[in-house]
Every structure is written in structure tokens, then in C-alpha cells.
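A closer look at the structure
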Amino acid sequence: MIRCTGVRKAYETGGRRVEAVRGVDLSIETPGFFGIMGRSGSGKSTLLHLLAGLDTPDEGTVEVAGERIDRLDDKSATLFRREKLGIVFQQFNLIPTMTARENVELPGMLAGKEQNWLSSRSSELLDRLGIGERAEHRPEALSGGEQQRVAIARALLFSPQVVLADEPTGALDSGSAEKLWSLLGEVAREQEVTVLMVTHEPAAAAHCETVFIFRDGTIAGEIDVRSASEQGEEGLDAAGIAARSEQLLGKA
């Protein structure tokens, strides 16, 4: 589903070279809900942008859903993101003059898909995500949590194998955030999708199956949340994950 090998990315800023990603190897072979957790400036969002084909690595290979996206030109990368990859950002990026349904259908409209299919698919997704009754409302009439559900529905329009989420609840209150984390987990399980979420919040990471801890452009280690929970291990709530991540960062 997702495979990075020896990925590096550096930027020039303020007259100096900053290595945002430094030789990352990452492999996720199965559907599920996975997380990348790290402090601000650790390079985690840069890695997500590389996985999404929004940027290209200086070195290394990036494979997502069977596609070597580091080899794609701009046009091919845009088509790949539209039809084979779901992306959910912190900002909902909804078109204010369009209804929820129209926002979900927009990628399909751009791809020239038949309207009957689009109507059926958008209704199915909005119903599944619990906001079918809000389909004809514009974003201004929706709560933050509802807007993010619309964004998730849009990301799922073409049934992608992989969904990337970059701090998807950063603009939500704690109650709405908790519901969205649970929803992403349900999407991963029920639709057999690989959901990879970037976050700095242990409470978000507690909903994942595996969490990769990022520090200074590298993966410092990983926390197998699901296995520990199945074994009855205590402490893998938000506080437990925070403590475990600090241990891994201390060893890095």
C-alpha cells in the first residue's frame, strides 16, 4: 500500500539548507488506520506531501497503491491524486458556493464521470458518514465536524486504496475531533482502506493500529497500539502513547 525507501528531502530557507526528511524507510502493506506522530517541525507533513505526490524527493523511492509516484510528472500526479488517492487536510477545502453533495461529486465532475453514478455514489457516502440529511446544505450551514465529513466523503469518491490525512482535526473542537478519529478508523476497517494520518496529538494516535514516531526527519520507532491492546497492556490511551513516544524519542 505504502512503501518509502531511502527518502530524503531538503529545502533552502534563510540562506541555509534544512533536511526535512532524512533517509526514511517506511512500509505499510495492509489496510488499516496508521499514524505518524511527531512534534511541529519534525518533517512529518513533508513526508505526507511526498506520499501524496505534492512534492518530489531529492533521493529515494516512493510507492503508493502500486504506483511509483516519485516518477510521475505534474499532470500524471494530479490525475493519480484525483482518482486513486484520497487526501484530507486540516482545512476542509470545500467550495463555499457548492452544496455538500456537489463538493463530494466535484472530483468526478472534473474527471467527466456520468452524473447518475455521481449522484448515487455521493448519496451513499454521505449516508454512510452520517450526514445524508445535510447533502443539500452549503458549507456555511454545516458545523466543522460535518464539513470534515464532507471532505472525507470527497476523498472516498473513487474508492481509493490509500487515504492520507494531514492533521485532519486541527480545526475542530475536542468532541468533534474524537468522533472524526473514530470515523477514520471505521472507514479503514469497513472499506479495507489504508488510512495514514499525520498528527501531533497522542489522543489521535490512540485510535490508530500502529503509530510511527517521527523526529528530525527520521522515524525514531513505532508503537503497535493494537497488539498491546489485544494483550491487555495498560497505558495505551493518550497518556500511555505520549509516554511511549517520549521513550522512543529519548533513544533516538
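Residues numbered from 1 in each chain as written. Predicted model: local features only at pLDDT ≥ 70, side-chain atom pairs only at ≥ 80, totals over all residues. Heavy atoms only, no water.

1. Observations regarding empty space enclosed by the protein
A water-sized probe rolled over the atoms picks out the places where empty space is left. As enumerated under the stated definition, the model contains one cavity of 30 Å³ or more in all. As a volume, the largest cavity reaches approximately 30 Å³. What lines the largest cavity is simply Ile87, Val88, Phe89, Gln91, Phe92, Asn93, Ala151 and Arg154. Elements with a contribution of two residues or more to the lining of the largest cavity: strand E6 (85–88) and helix H5 (144–155). (1 Å grid on protein atoms, 1.4 Å probe; cavity = no way out; pocket = protein on both sides within 12 Å on 5 of 7 lines; lining within 4 Å. Points joined across faces, edges and corners; volume = space filled by probe spheres on them. Helix = DSSP H or I, 4+ residues; strand = E, 2+ residues; numbered from the N terminus.)

2. So, the environment of Pro168
Of note, Pro168 is situated in the loop between strand E7 (162–166) and helix H6 (174–191). Those residues in contact with Pro168 that lie beyond four places of it in its chain are Val88, Phe89, Gln90, Gln148, Leu184, Met197 and Val198. (Contact = heavy atoms within 4.5 Å.)

3. Digging into the side chain of Glu105
Tracing the backbone through its elements, the reader meets Glu105 in helix H3 (residues 100–110). For the buried residue Glu105, which engages in no salt bridge, the nearest side chain bearing the opposite charge is Arg101, 4.6 Å off. Beyond its immediate sequence surroundings of up to four residues, Glu105 is in contact with Gln115, Leu118, Ser119, Ser122 and Leu157. (Buried < 20%, exposed > 50% of the residue type's maximum accessible area, 1.4 Å probe, protein only. Lys, Arg positive; Asp, Glu negative; His and termini not counted. Salt bridge = Lys/Arg side-chain N within 4 Å of Asp/Glu carboxyl O.)

4. Comments concerning the packing of H3 against H5
Remark: H3 packs on H5, axes separated minimally by 8 Å, with the N-to-C direction vectors making an angle of 30 degrees. One element, H3, and the other, H5, form an angle in the roughly parallel class. Considering the relative orientation of H3 and H5, their crossing is right-handed. Of the residues in H5, those touching H3 at Ala100, Asn103, Val104 and Pro107 are Val150, Ala153 and Arg154. (Axes fitted to C-alpha atoms, helices over the stretch in contact; angles between N-to-C directions. Parallel < 35°, antiparallel > 145°, perpendicular 65-115°, else oblique. Left-handed = near helix turned anticlockwise from the far one by under 90°.)

5. A closer look at the layout of surface pockets
Taken as a whole, the largest pocket spans an internal volume of roughly 460 Å³. Lining the largest pocket are 20 residues, and of these Arg81, Arg82, Ile87, Pro107 and Arg154 lie nearest its centre. Per-element accounting of the lining of the largest pocket gives the leading share, five residues, to helix H2 (residues 74–84). For the lining of the largest pocket, the class distribution of residues is twelve nonpolar, three polar and five charged. (Nonpolar A, V, L, I, M, F, W, Y, C, P; charged D, E, K, R; others polar.)

6. Comments concerning the sheet that holds E7
Spatially, E6-E7-E8-E3-E9-E10 is the arrangement adopted by the six strands of the open sheet, whose pairing is mixed. Only two strands of the sheet have a single partner each, and these edge strands are E6 and strand E10 (218–224). The mean angle between the axes of side-by-side strands here comes to 20 degrees, regardless of whether they run parallel or antiparallel. As defined by bridge partners, E6 adjoins E7 across four bridges and the pair is classed as parallel. Note that in E7 the partner of Val88 across the bridge is Ala165. Against the sheet, H6 engages strand E3 (32–38) and strand E8 (194–199), with an angle of about 135 degrees to E3. (Pairing = 2+ DSSP bridges.)

7. Describing the sheet that holds strand E2 (residues 16–28)
Across the sheet, four strands lie side by side as E2-E1-E4-E5; this open sheet has antiparallel pairing. Taken across any chain shown, the strands that pair with only one partner, and hence form the sheet edges, are E2 and strand E5 (67–68). Bridge analysis of strand E4 (residues 59–64) against E5 gives two bridges, and the strand direction is antiparallel. Residue pairing in the sheet places Val64 in a bridge with Glu67 of E5.

8. So, the pairing of E10
As judged from the six bridges shared by strand E9 (residues 210–215) and E10, these two strands associate in the antiparallel manner. From the neighbouring strand, Phe212 faces E10, where its bridge partner is Glu222. What sits between E9 and E10 in their antiparallel hairpin is a turn of two residues, with Asp216 showing a positive phi close to 50 degrees.

9. Some points on unusual backbone geometry
Residues other than glycine seldom take positive phi values, yet Asn93 does so here, at roughly 55 degrees. With respect to the secondary-structure elements, Asn93 resides in the loop between E6 and H3. The backbone of Glu192 shows a phi angle near 50 degrees, a positive value even though the residue is not glycine. Secondary-structure assignment places Glu192 in the loop between H6 and E8.

10. As for the side chain of Thr194
Here Thr194 shows up in strand E8. Every residue in contact with Thr194, bar those within four places of it in the chain, is listed here: Met1, Ile2, Ile28, Thr30, Pro31, Gly32, Phe34, Gln161, Val162 and Val163.

Shape descriptors only; they carry no functional weight alone.
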